[in-house]
Amino acid sequence: MAEVCKMTGLTYQTLKFYCNEGLVPYVQRDKNNHHLFDDAMVRGGHERHSSLHQSL
């Protein structure tokens, strides 16, 4: 998750909240129960983060 946070600009807490609330659909997990994110999710997270900051 830390790598995705760096790529999207989201905080760890925000990304975890999105996952827990189902705002990031179909997040897979590996054998160690770590989140696995695809490229589309990373792009979408970055776009959501950017649009939020532009509206503030």
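Cut-offs and rules
Residues numbered from 1 in each chain as written. Predicted model: local features only at pLDDT ≥ 70, side-chain atom pairs only at ≥ 80, totals over all residues. Heavy atoms only, no water. Helix = DSSP H or I, 4+ residues; strand = E, 2+ residues; numbered from the N terminus. Buried < 20%, exposed > 50% of the residue type's maximum accessible area, 1.4 Å probe, protein only. Contact = heavy atoms within 4.5 Å. Core = buried A, V, L, I, M, F, W, Y, C linked by side-chain atoms within 4.5 Å. 1 Å grid on protein atoms, 1.4 Å probe; cavity = no way out; pocket = protein on both sides within 12 Å on 5 of 7 lines; lining within 4 Å. Points joined across faces, edges and corners; volume = space filled by probe spheres on them. Nonpolar A, V, L, I, M, F, W, Y, C, P; charged D, E, K, R; others polar.

S.K.: Go over the overall build of the protein, please, and point to the residues and values.
M.R.: Per the secondary structure count, the protein includes 3 helices and 2 strands. N-terminal to C-terminal, the α/β element order of the protein is α-α-β-β-α. Looking at the protein as a whole, 27% of its 56 residues are labelled buried. Nonlocal contacts in the protein, meaning residues at least 24 apart in sequence, comprise 39% of its contacts between residues at least 6 apart.

S.K.: Go over unusual backbone geometry, please, and point to the residues and values.
M.R.: Excluding glycine, residues mostly have negative phi values, and the peptide bonds linking residues are mostly trans. You will see that asparagine 33, though not glycine, has its phi angle at about 70°, which is positive. Mapped onto the fold, asparagine 33 is located in the loop between β1 (28-29) and β2 (35-36).

S.K.: How would you summarise the nonpolar core if you had to cite specific residues and measurements?
M.R.: Counting residues in each nonpolar core, the largest one holds 10 residues, listed as Val4, Cys5, Leu10, Leu15, Tyr18, Cys19, Val24, Phe37, Met41 and Val42. Residue assignment for this core shows that the elements contributing at least two residues are α1 (2-8), α2 (12-20) and α3 (39-55). Ranked by the residues each element gives to this core, the list is headed by α2, at 3 residues. If we skip the residues at most four places from it in the chain, methionine 41 touches Val4, Leu15 and Val24.

S.K.: Which residues make up the layout of surface pockets, and what values do they have?
M.R.: The calculated volume of the largest pocket comes to roughly 160 Å³. Residue composition of the lining of the largest pocket, grouped by class: 9 nonpolar, 1 polar and 2 charged.

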